[in-house]
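# Structural overview
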There are 2 protein chains.
Amino acid sequence: MEIEIHNNDCLEVLHDLPPSCADMVYLDPPFFTQREHRLSTRDREMEFSFDDRWDSASDYATFLEDRLIEIHRILKATGSIFFHCDRTASHIARLLLDNTFSQRNFRAEIIWHYKRWSNSVRGLLPAHQTILFYSKTGNYKFHTILTGYSPTTNVDQILQKRSRDDANKSVYARDENGNVIFSGAKDGVPLSDVWEIPFLNPKAKERTGYPTQKPILLLERILQLTTDRGDLVIDPFCGSGTTLVAARLLERKAIGVDISPEACSLSRKRVEEPVRTDSHLLKNGAESYRNADESALSLLNGIPHVPVQRNNGIDAFLRVTFDGIPIPVRVQKYGETVTEAALSLYKSGISKNAKRMILIVTEDVPALFSDFKVPDCVILVDSASLSIKRLISNLSSEKESLFT
Amino acid sequence: MEIEIHNNDCLEVLHDLPPSCADMVYLDPPFFTQREHRLSTRDREMEFSFDDRWDSASDYATFLEDRLIEIHRILKATGSIFFHCDRTASHIARLLLDNTFSQRNFRAEIIWHYKRWSNSVRGLLPAHQTILFYSKTGNYKFHTILTGYSPTTNVDQILQKRSRDDANKSVYARDENGNVIFSGAKDGVPLSDVWEIPFLNPKAKERTGYPTQKPILLLERILQLTTDRGDLVIDPFCGSGTTLVAARLLERKAIGVDISPEACSLSRKRVEEPVRTDSHLLKNGAESYRNADESALSLLNGIPHVPVQRNNGIDAFLRVTFDGIPIPVRVQKYGETVTEAALSLYKSGISKNAKRMILIVTEDVPALFSDFKVPDCVILVDSASLSIKRLISNLSSEKESLFT
DNA sequence: AAAGTAAATGAATCAGTAA
DNA sequence: GTTACTGATTCATTTACTT
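What counts and what doesn't
Residues numbered from 1 in each chain as written. Chains lettered and ligands numbered in written order. Predicted model: local features only at pLDDT ≥ 70, side-chain atom pairs only at ≥ 80, totals over all residues. Heavy atoms only, no water. Contact = heavy atoms within 4.5 Å. Salt bridge = Lys/Arg side-chain N within 4 Å of Asp/Glu carboxyl O. Polar contact = N/O pair within 3.5 Å; in protein donor to acceptor, adjacent residues only side chain to side chain. Helix = DSSP H or I, 4+ residues; strand = E, 2+ residues; numbered from the N terminus. Buried < 20%, exposed > 50% of the residue type's maximum accessible area, 1.4 Å probe, protein only. Pairing = 2+ DSSP bridges. Axes fitted to C-alpha atoms, helices over the stretch in contact; angles between N-to-C directions. Near = heavy atom within 4 Å. Nonpolar A, V, L, I, M, F, W, Y, C, P; charged D, E, K, R; others polar. Phe/Tyr/Trp six-rings, centres within 6.5 Å; stacked < 30°, edge-to-face > 60°. Lys NZ or Arg CZ within 6 Å of the ring centre and 35° of its normal. Parallel < 35°, antiparallel > 145°, perpendicular 65-115°, else oblique. Left-handed = near helix turned anticlockwise from the far one by under 90°.

### Quick word on the interface of chain B and chain A
The figure often quoted for interface size is the accessible area lost as the parts come together. At the junction of the two partners, chain B supplies 96 residues and chain A supplies 92 residues. Our count for the chain B to chain A interface comes out at 1 salt bridge. The partner of A:D156 in a salt bridge is B:K352, and the shortest N-O contact between them spans 2.8 Å. The interface formed by chain B and chain A contains 20 residue pairs in polar contact (both at pLDDT 80 or more). A total of 10 residues in the side of chain B that touches chain A trace back to one element, the largest contributor, which is helix α11 (residues 384-403) of chain B.

### Observations concerning the environment of B:K269
All names here are of chain B. With respect to the helices, strands and loops of the structure, K269 is situated in helix α7 (residues 261-272). The exposure class of K269 is partly exposed, given its relative accessible area of 47%. Along the primary structure K269 and S240 are separated by 29 residues, whereas in three dimensions their C-alpha atoms are 9.5 Å apart.

### Examining the sheet that holds strand β12 (residues 253-258) of chain A
Within a beta sheet, neighbouring strands are joined by backbone hydrogen bonds and run either parallel or antiparallel to one another. All names here are of chain A. Pairing within the open sheet is mixed, and its 8 strands lie in the order β1-β12-β11-β2-β3-β5-β4-β10. Across the chains shown, the open sheet's two edge strands, defined by having one partner strand only, are β1 (3-7) and β10 (194-196). Strand-to-strand twist across the sheet, computed as the mean angle between neighbouring axes with direction ignored, equals 15°. For β1 and β12, the ladder comprises 5 bridges, and the chain directions are parallel. From the neighbouring strand, I5 faces β12, where its bridge partner is G256. Together, β3 (75-85), β4 (106-113) and β5 (128-135) form the strand contacts of helix α5 (residues 90-101), whose direction differs from that of β5 by roughly 5°. Each of β2 (22-27), β3, β4, β5, β10 and β11 (232-235) is contacted by helix α7 (residues 216-226), which is oriented at about 155° to β2, the strand it contacts most.

### Remarks on the protein's contact with DNA strand D
The environment of DNA strand D is formed by 27 residues, the closest being A:T152, A:R162, B:W117, B:S118 and B:N201. When atoms of DNA strand D within 4 Å of the protein are split into backbone and base, the sugar-phosphate part holds 50%. Interatomic distance of 3.4 Å between a side-chain N/O atom of A:Y149 and a phosphate oxygen of DNA strand D. A distance of 3.4 Å is found between a phosphate oxygen of DNA strand D and a backbone nitrogen or oxygen belonging to B:H280. Mapped onto the surface near DNA strand D, the elements with two or more residues apiece are β7 (162-164) of chain A together with α8 (280-284) of chain B. Considered class by class, the residues forming the surface near DNA strand D number 8 nonpolar, 11 polar and 8 charged.

### So, the side chain of B:D28
Tracing the backbone through its elements, the reader meets B:D28 in the loop between β2 (22-27) and β3 (35-40). If we skip the residues at most four places from it in the chain, B:D28 touches B:H84, B:K214 and B:F237.

### Observations concerning the packing of aromatic side chains
Summed over all chains, the structure comprises 23 aromatic pairs over all chains. Each member of the aromatic cluster is reached from another via a ring pair, and the members are B:F32, B:W54, B:Y60, B:F63 and B:F237. Above the plane of the ring of B:Y140 lies A:R122, whose end atom (NZ or CZ) is 4.6 Å from the centre. The ring of B:W195 has B:R221 lying over it, and the distance from NZ or CZ to the ring centre is 5.1 Å.

### A few points about the side chain of A:S385
Structurally, A:S385 is set in helix α13 (residues 384-403). Exposure remark for A:S385: the relative accessible area of 4% places this residue in the buried category. One polar contact links the side chain of A:S385 to the main-chain carbonyl oxygen of B:N301, over a distance of 3.4 Å. Non-local contacts of A:S385, meaning those with residues more than four positions away in its chain, are made with A:T362, B:L299, B:L300, B:N301 and B:I303.

### Remarks on the packing of α5(A) against helix α3 (residues 90-101) of chain B
Put simply, α5(A) and α3(B) touch, their axes get as near as 9 Å, and they point 125° apart. Viewed along their axes, α5(A) and α3(B) adopt a mutual orientation that is oblique. Where α5(A) crosses over α3(B), the two elements pack in a sense that is left-handed. On the side of α5(A), the interface is formed by A:S90, A:H91, A:R94, A:L95 and A:D98, while α3(B) contributes B:S90, B:H91, B:R94, B:L95 and B:D98. Considering only residue class, the contact of α5(A) with α3(B) consists of 2 nonpolar, 4 polar and 4 charged.

### Side note on the packing of helix α6 (residues 242-249) of chain B against α7(B)
The relative placement of two packed helices is expressed as an angle between their axes plus a distance between the axes. Residue and element names in this part refer to chain B. Running from amino to carboxyl end, α6 crosses α7 at an angle of 20°, the nearest separation of the two axes being 9 Å. Between α6 and α7, the crossing angle belongs to the class labelled roughly parallel. For the pair α6 and α7, the sense of crossing is right-handed. Residues T242, L244, V245 and R248 of α6 form the contact with α7, whose participating residues are S267, R270, V271 and E272. A class-by-class count of the residues in the contact of α6 with α7 yields 3 nonpolar, 2 polar and 3 charged.

### Looking at the protein's contact with DNA strand C
Contacts to DNA strand C come from 37 residues, most closely from A:Q157, A:R162, B:L39, B:W117 and B:N119. Backbone atoms, meaning sugar plus phosphate, form 51% of the atoms of DNA strand C positioned within 4 Å of the protein. Within the backbone of B:R122, one N or O atom sits 3.3 Å away from a phosphate oxygen of DNA strand C. When residues of the surface near DNA strand C are traced back to their parent elements, those giving at least two are α6 (155-158) and β8 (170-172) of chain A together with β3 of chain B. Residue contributions to the surface near DNA strand C peak at 3 residues, all from β3(B). Taken together, the residues that form the surface near DNA strand C break down as 11 nonpolar, 11 polar and 15 charged.

### Examining the sheet that holds strand β1 (residues 3-7) of chain B
Residues and elements named next belong to chain B. Across the sheet, which stays open at both edges, the 8 strands sit in the order β1-β14-β13-β2-β5-β7-β6-β12 with mixed pairing between neighbours. In the strand order of this sheet, the two ends are held by β1 and β12 (194-196), each with one partner. Mean inter-strand twist for the sheet, computed between neighbouring axes without regard to direction, equals 15°. The sheet contact formed by β2 and strand β5 (residues 75-85) spans 5 bridges and is parallel. Considered in β5, the bridge of L27 is made with F83. Sheet strands in contact with helix α5 (residues 216-226) are β2, β5, β6 (106-113), β7 (128-135), β12 and β13 (232-235), and its direction is about 155° off that of β2.

Printed below as a string of structure tokens:
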């Protein structure tokens, strides 16, 4: 997927792009906090024509507005813009966006909430930033993301169908025998406008990286909400290039611009390097990343074992030995075929002199063709989820047979 | 403690107050939603409504600014204002407050975040409102509120004293024997600007039927942050009177104003007999609702399912249905016999009309004696760990046979 | 007492009609 | 086509009640 990075003023780059070419623009412009003072004191007149208020009042506002106008031009009719700002500038940004994209196309004020180390503050500890979401038109591309139910919700009740009683009050429907009626399956709660995403994920400490970069999950969410694979994404202030990395991992085209040569070379490096940790994070979501190891190994609950870090072939050793050597265990990973997983385990196991190994099979991924056969010393064990998957297909055929 | 309630336009009442008399003003004006809001009490005895339709943004802004100027006048030099608004008007409010109180006295943008019953949205589910916090001067009254540590924080470590090492890096101090030194107790983390407070529940007794009623807890927090006992608090749009109730409970003096006679009489009633419902959720935390633990649910990795938290018999519903009803799943818990687990699942499943249920068996706990037999509709599936346990005992006997 | 079930509801949102 | 209104419908949440 093509990723372009330009070292230039984004106004120039935007100007050279054709109209209606981009699906999404994310921008995180610099905040001229030192200028804010002048900004706010300039307007002494009491009239509320917000339209031209900032326009002439401030270089900063003009600076942004020039670029927003270009962004509006290059966005497709189905396109969206995400404007990242902190609490000192959110109202200015809002006004500018109302001007260029119209109040009517305001979609959401996203609150990115994170926990932070506190200094002793006189006041409330700042712990959020704002992302303004506008679309170019009312007919904008949007994919609903669903999240889990609150633990306090009775999921069994919301599976029930509802109707109106005589007084037109909403009640849960029942059939003539007084039994509850089920309506279709529920998949979860639509994503809200408050996103709790940790600033840095705990494991990121290991990386000697760029400390101020935005969490990739944040950009991932934005990309998934409003773009598809192959869509064009533009970041006019790309900085360390998080947007570009996310775009690459999710297979979106991207154009990044930054006026600083250092930022550009940084971005290039990040985009070119295979970013294993990032891609792992993206594939599984932040939650599962945090406890990916534990969740795979929870399959071993109740069996004494020692988890193994940093070994591609072996996830854990059982305490139980065979021929004096602890038994290596591996869990078949998502997307891996059984033979791939077995081969990987076998190689690592042999190097540890193991005579017996256990592979927990989680998926029936068909191997297209493979010369490798699972050796006898690798014992296959089905995971419960695999057994259930098989069961489900049996159940469906069982039902079919009832009708035929 | 004196609580006054005036049925009037707040501009009149504010105008008649002497300068520098109030310690805190909380206001919750109409939000510029361009709608009329109507709601009746549960018993349909009273109907409340207010009109939030304006000809233009500047009408709305002028209306507010007139009142803000008076509020600025009546606040003490140590006083503060909290302006409650939602996402449709937060930027207008911010500009007005910058004008009347100055950008310099902006203290915080508080995000009140809550969970809400949703409806089908094309977009992000709104789940927050904004409270803008300005002080009259830089010398404002403020009490730091401390909150608990997040569960991931290593509290032991926080209690350790810190010092600088040779390279001037911050390290945890140790005494001459290498033992850690404990500094004084830490009380918690300073309150952040994102407040998660549950919305008033549909069933809460505190509920009065007034639209937009705020939780008492929200107002209590604001009062505690910036006022002391005996201080004067003013709410120019008091509505159902939550501010006044909170003020009474915390022994602050208060003046409430509302233009609607119904709102005023409701406020009077509430102040006389305050009802405060404690949120079970806040008191005990979301975790207290959980009974399906994560490691149990991770056995279902890869199978679309919805976790069920408040049911002892069912841990999750599969997305797949049998006879139109999602299939309930349960994981045998530690120490439970298979028949116990199956019985529990069976009972709950039957009440949901399920015709097929799945029990994941994790242990061979022998049932001492039991009349109950696992019914046919409960399908048993072995977990991987159980399969491995069986395997291990086989392996041992296999090995034995080699030696004998 | 503890667990499970029922109820209430919207600073909602949507679809359809009228201007 | 666009905008503005109005009545209809929806959904997850969390307390209160019942078993």
